[in-house]
Each structure stands twice: as C-alpha cells, then as structure tokens.
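The primary structure of each chain is shown beneath.
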2 protein chains.
Amino acid sequence: DLNDPGAIAARSRDLIEEYLGMEFFQRKFPGLAGEVVRRVVHATGNPQVASLLRFHPGAVEAGIAALRRGALIFADVRMVKAGINGRALRELGGRVICPIHHPRVHSFAEERGITRAAAAVYLFREQLRDCVAVVGNAPTALAEVIRQTGQGFRPALIIGTPVGFVGAAEVKARLQSQQVPYLTLIGSQGGSAVAAAAVNALISLAQGRAGL
Amino acid sequence: DLNDPGAIAARSRDLIEEYLGMEFFQRKFPGLAGEVVRRVVHATGNPQVASLLRFHPGAVEAGIAALRRGALIFADVRMVKAGINGRALRELGGRVICPIHHPRVHSFAEERGITRAAAAVYLFREQLRDCVAVVGNAPTALAEVIRQTGQGFRPALIIGTPVGFVGAAEVKARLQSQQVPYLTLIGSQGGSAVAAAAVNALISLAQGRAGL
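Given the structure is predicted, the values throughout are model-derived calculations rather than measurements. Every chain is numbered on its own, with residues counted from 1 as its sequence reads. Think of it this way: whatever chain is written first is A, whatever ligand is written first is 1, and the rest follow in order. Owing to the predicted nature of the model, reporting of local features is limited to residues with pLDDT of at least 70; listing and counting of side-chain atom pairs is limited to 80 or more, with chain, interface and lining totals taken over all residues. Derived side-chain values reflect all non-hydrogen atoms in the structure, with water molecules and hydrogen atoms excluded from consideration.

Draft legend 1. Quick peek at the side chain of Thr44(B). With respect to the helices, strands and loops of the structure, Thr44(B) is situated in helix 3 (residues 33-44). Whenever two N or O atoms come within 3.5 Å, that pair is a polar contact, provided that in protein one can donate a hydrogen and the other can accept it, and provided that, for residues adjacent in sequence, both atoms are side-chain atoms. A polar atom in the side chain of Thr44(B) sits 3.2 Å from the backbone nitrogen of Asn46(B). A helix here means a DSSP run of H or I that spans at least four residues, while a strand means a run of E at least two residues long, and both kinds are numbered starting from the N terminus.

Written out as structure tokens, the structure reads:
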C-alpha cells in the first residue's frame, strides 16, 4: 500500500538489501553506518551510490551523540533544511540553522567576491562548534567549514556531499584527510537529498529507531 | 574560480557535453530539451541520469509558455520549493505553492488514510489547472495529479520525478502514457533535486537564457 510510509520503508529496505547483498553491508558498512547507507540509497533510488559513500570511523557515533544532546544543525542551503525531519529533530531538542539568506551574508559575499554559502559559514562560524555541519550543495561552503575547523570552530560531525563536476570531488577528497568525523561520498555525485537523508538516518538512530 | 557561479556553470556544461557527446543530445534530446537535460545532469552530478529522462514532445514548449504567462508552480514537497530559483520565477510573475503542510491537508490525510502529499493535490486540485505541477518526492502525489488531470484539472505541464524502489517507477511509467505534456525519468531514480533542476532550466529558458 503506497499510502503506508512504514510499509514502504520496510519494503524499500528489503529491496536495497537484496540489490546490494548483506555481505556488502557486513564488509563495507558494518554496524550503524549501514543504516545511514540504506537511507541514502532509499533517498536517491540509486543503489550504486552506496559504493561511493565514505565514513570517518567515528562519524555515526559522533553524529548520534551530538543529536542526542540537541546539537545545532548548520545547513548550507535551504533545500537541505527542507529535507530534514524537523519534527523528529525537535523531539531531540535540536534545530536547523541555514543563514545563507541572512542580509549580512549577501553583502559580505558581494564585498569579498565569494559565494553566499561560503560567506554564511564564515560569518556564522561560532555556530560550527560542536554542531552537525551539513553541506549538500556548495563546494565553497565545505571548503570554508574545513578551514574553520582548523581555526578552532570544530563541528562534532561534518556531512559534506556537495554535488557537481567542478570542485566538488576535490573538496570532498580533502574532507577525507581531516581528523574531524566526516561523512561524504567520492566523485561528482551528492546533493541536498543525500545530505538530508544522512541527517535523517542519524536522527532516527538517535531516537533508537532504524536508519530507514 | 569556485566563487564565480557563471564560470562554474559554463565549465560544467562543457564537461557534461564532453561526457555525453554532442551526438547524444542531437539524437536523443535535440533543441531545448537538451538544455533541461544538461541542468538535471549538473544538479545530480551523474551523467547517467541523462539516458533515463523522458519528455513528452510538447513538454519544454508547454513549460516555457506557462512560465512566461506567470503560471503557478504546484510543488509536492518543501524540498522542491526550496530548490526552485524563486527570484527568477518572480521576475516572470510566477510563484510556487506547496500546500502539504496546510492544516486541512493533515486532517484530511488522517481521515482518508492517504499520504499528505496526495491529500494536498486532492484538496488544492483547482490550482492544478494550467499550472506547472512538480512532484519530486511522492508517488502517491503524482498518481493523484494524473487522476485529477483526467477530471478536468489539467496542468500545462507535469514534472514527475518521484524517487524510490516502491511504486515510483510504475507511476512514472503511467505518466508517460498520458496526453498531457510531461517530463519524467524511468526507473527508481529521481527526487526533489531533479524536479527542481528541470523547473530551473525551464525558468532560465523562459527568460531567454541557456538551461544551464
């Protein structure tokens, strides 16, 4: 029944496990990481995305712990914010900020000749400390998050899945060389739906439910 | 320079044409349809998505004409709305409605045991007439749009790209058997980013610019 979201999620989970095989999860994404992978595959409708995902070994635990203590989620673009399960997040005491459309961000970006997404990270860098930083769209925002992490504004977890053929793969590769917990995927694919799906999986896990 | 969106779009366009080859566009998506394809590939970072796209022969012209006369855009979920270039749309005199979170929708969905996305389409079906209907997420919403199209609430264009392994492929296949102009893709892939990218390409074209 397409009107029963729980039944659809369960059936989707079965199909994803069938496509990828349980050995794939056991070998590449054991434990709770696999829950995040299932949710991302569900959100993209593309099982091939699973083999592009890369997790820092402490990423899932860091994300769950942060969400359980009501950590802020910093989103680079509104599409990421719109994709996050706000009701479940509020139950955990958390909320999403997405300052890209703040008037100061607009003028600062113009002055410096940088993107608004990067300007938002720079101007609101104090909010990065111990947050879950989520960059689904802009490579420049992820580059700025990485830079601020080195300046003492260290998120609990960086979910960095900017999309595109220009600059995205490079900055995602750089994210994987960081000490900070991260969740990313290699290459040009990604986007706001991938980022929001990863956040939603972590919110579910933080609430003691399955990722999908 | 990653801070120059125009330069990034131009470089991305070159790379997409290189990946897919100009013959692909000439053979499969001649004319303005190719502009929409480029934008969707850019938004997903995945050139393989191009060969999944399907256009009704009159889809692009119908979409451009509707947007030029300031037609309403009906979005199934907030993520689609968040992904649409609102500033450019307002320049054309258009706007996006996304009634899924309307209080009546919530109670109606509960009463009938249907999804909120489908309930929103049903309750706001008057708005479907001559609109650009955009379903990026919910197969049930696309099924309801198709049903209402047959009841006299006919959009100018249906952009239907719901994602998932359960029900999405089937309803997208059904969309392709309709007489109404449509834009979709086959199989399980899709999502809000694909839908928003298609809308943004049509907005650009309606303004006399390139799709990407």
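Read on, since the account is not over.
Draft legend 2. Seen up close, the relation of the copies chain A and chain B. The copies were overlaid with a least-squares fit restricted to C-alpha atoms from residues scoring a pLDDT of at least 70 in each copy. Superposing chain A onto chain B takes a rotation of 180° combined with a translation of 0.0 Å along the rotation axis, leaving an RMSD of 0.0 Å. In the structure described here, the two chain copies are related by an operation that fits a two-fold rotation axis. Across chain A, the smallest distance between a C-alpha and the rotation axis is recorded for Met79(A), namely 2.6 Å. Residues are treated as being in contact if the distance between any of their heavy atoms lies within 4.5 Å. Residue by residue, 100% of the interface of chain A is reproduced at the interface of chain B, so both copies engage with the same surface.

Draft legend 3. Local environment of the environment of Ala193(A). As for its position among the elements, Ala193(A) is in helix 11 (residues 192-206). When the C-alpha positions of Ala193(A) and Ala82(A) are compared, they lie 9.6 Å apart, and in sequence the two are 111 residues distant. Once residues lying within four places of it in the same chain are set aside, the contact partners of Ala193(A) are Ala43(A) and Met79(B).

Draft legend 4. Spatial organisation of a positive patch on the surface. Patch membership requires more than 30% relative accessible area and the absence of a salt bridge. Residues of like charge join within 9 Å; the nonpolar side chains Val, Leu, Ile, Met, Phe, Trp and Tyr join within 5 Å. The protein chains shown are the only cover counted for residues, whose accessible areas, like all others here, come from Shrake-Rupley with a 1.4 Å probe. Each salt bridge in this description consists of a side-chain nitrogen of Lys or Arg and a carboxyl oxygen of Asp or Glu lying within 4 Å of one another. Only four residue types enter the tally: Lys and Arg on the positive side, Asp and Glu on the negative side, with His and both chain ends excluded. Charged groups are reduced to one reference atom each: NZ for lysine, CZ for arginine, CG for aspartic acid, CD for glutamic acid. Together, Arg78(A), Lys81(B), Arg90(B) and Arg95(B) give the surface a local cluster of positive charge. Its location among the elements puts Arg78(A) in helix 5 (residues 78-83). Each residue's exposure class comes from its accessible area (1.4 Å probe, protein chains only) as a fraction of the maximum for that residue type: buried when under 20%, exposed when over 50%, partly exposed otherwise. Overall, the relative accessible area of 46% leaves Arg78(A) in the partly exposed class.

Draft legend 5. Representation of the interface of chain A and chain B in the model. In this assembly, 35 residues from chain A lie in contact with 35 residues from chain B. When two parts are put together, the accessible area they lose, computed with a 1.4 Å probe and summed over both, is reported as buried area. Taken together, both faces of the contact between chain A and chain B bury some 2,600 Å²; the carbon and sulfur share is 69%. Here chain A is connected to chain B by 4 residue pairs in polar contact (both at pLDDT 80 or more). Within the residue set of the side of chain A that touches chain B, elements represented by two or more residues are helix 1 (5-20), helix 3 (33-44), helix 5 and helix 11 of chain A. Tallying contributions element by element places helix 1 of chain A first for the side of chain A that touches chain B, with 6 residues.

What is shown is where atoms sit, not what they do.
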